[in-house]
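Spelled out from the first residue to the last, the chains are:
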Amino acid sequence: MTTSGPRDKCKVGVIHGPELLLYSFPTPHPFRSDRIIPFLNELDKLEKAIGDQVVKIKPEMAAVDRVLLFHDKRYVDFVKEYSNSGKGYLDYGDTPAFKGCYEASLYVVGSTLKLIDLILNGEIDHGFNPVGGLHHAKKDGAAGFCIFNDVAIAIKYLLDEVGLREILYVDIDAHHGDGVFYAFYFDKRVRILDFHQSGRTLYPGTGFEHERGGGEAVGTKLNVTFLPGAGVEEFKQAWEDFARDFLSQSSPEFILLQAGADGLMGDPLTGLNYTEEVHAFVASQLHKLAHEKCHGRIMAMGGGGYNPDNVAKAWTAIVRSLATPP
Ligand SMILES: [Zn+2]
Ligand SMILES: [Zn+2]
């Protein structure tokens, strides 16, 4: 098992391989795999610079049973059928089917779960799955470019199969992570902190401050919203005002970070003005928390991000922060 406390280096497993590029909607859809190519180039440079602290891990397909930890069988069968024909939409118009979308989605889920297993058995300290973080998908349907929700599946896996007691999920994608947020709204074992552009001005139109969890889970969820134009300063202020106190009440056994890069200035789909400093800041704060509270168990997933240069900057910052001992 990975030891906690200060250390001289941290080893970060990053999912890398051609199977990773299969999750790609047809042009002109904005969620295509070419958006991550500049990141993969930067990763090569980072690997040369910091050596064995970055380990490339081959993508792996999830077993269907794992997908069924969260999704309904009817929906999984529906995706399989549409994947064979490659025609039509999996939702109401954002998420088209493409040939092989079923297998591509199994690779996304399997890769996220593989990193979790490698962290739990101590082969790597932390992980990053660039195509993971598909936070909009629902139990019974696709949404917002997300077919299978690897985050929700990972949470179910950690709670139900691994037997952990509390998971912390932090989401800094510009869009609210509705698929994860509402799936665990009444589950006090899942603490969720979600920063996003206000649902009044952006898809999916959800995620307001008064939504703090339901039933025995009241207080375990927190939405922090921004108006279009908010940047690094507003983000860090909100972290001090809301996140610190919320995180201090948390006793996670595993930390998951959805590190969508669509909040960076110049993203074609959103109105936020972050720089990669937000990603570096959040990753290093949570990295520290992970070593303090849960034997260093933290992994990050990519998510949105539709300006390839921004994606490269934000995710390189994530990997670098996780490789730098807190
Ligand atoms: Zn570490
Ligand atoms: Zn997004």
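Residues numbered from 1 in each chain as written. Chains lettered and ligands numbered in written order. Predicted model: local features only at pLDDT ≥ 70, side-chain atom pairs only at ≥ 80, totals over all residues.

Describing the overall build of the protein chain
Reasoning step 1: Tallying secondary structure elements over the protein chain gives 9 helices and 8 strands in all.
Reasoning step 2: Radius of gyration (C-alpha) of the protein chain: 18 Å, near the 20 Å computed for a compact globule of 326 residues.
Reasoning step 3: Across its three principal axes, the protein chain shows a C-alpha extent of roughly 50 × 45 × 40 Å.
Reasoning step 4: When each of the 326 residues of the protein chain is scored for burial, the buried share is 54%.
Reasoning step 5: Summarising the internal contacts of the protein chain: among those between residues at least 6 apart in sequence, 75% fall at separations of at least 24. (Helix = DSSP H or I, 4+ residues; strand = E, 2+ residues; numbered from the N terminus. Rg over C-alpha atoms; globule rule 2.2 N^0.38 Å. Buried ≥ 20, exposed ≤ 12 C-beta atoms within 10 Å, placed from the backbone. Contact = placed C-beta atoms within 7 Å.)

Re the sheet that holds strand 8 (residues 298-301)
Reasoning step 1: Read from one edge to the other, the open sheet built from 8 strands follows the order 2-1-3-8-7-4-5-6, with strand pairing classed as parallel. Edge strands, defined here as strands with exactly one partner in the open sheet, are strand 2 (54-57) and strand 6 (221-226). Within the sheet, the average angular offset between the axes of one strand and its neighbour, ignoring direction, is 15°.
Reasoning step 2: Across 4 bridges, the pairing between strand 7 (residues 254-258) and strand 8 is parallel. Counted as the bridge partner of Q258 is M301 from strand 8.
Reasoning step 3: The strands that helix 5 (residues 150-161) touches are strand 4 (167-171), strand 5 (190-197), strand 7 and strand 8; relative to strand 4, the one it contacts most, it runs at about 165°. (Pairing = 2+ DSSP bridges. Axes fitted to C-alpha atoms, helices over the stretch in contact; angles between N-to-C directions.)

Notes on the nonpolar core
For soluble globular proteins, the rule of thumb is that nonpolar side chains tend to be buried together.
Reasoning step 1: In terms of nonpolar packing, the biggest core is built from 102 residues, with I155, Y169, I255, L257, I318, V319 and L322 touching the most fellow members.
Reasoning step 2: Here this core takes 11 residues from helix 4 (residues 101-120), the largest share from any one element.
Reasoning step 3: Sequence-distant contacts of Y169, defined by excluding residues within four places in its chain, comprise V151, I155, V180, V190, I192 and L256. (Core = buried A, V, L, I, M, F, W, Y, C linked by C-beta atoms within 7 Å.)

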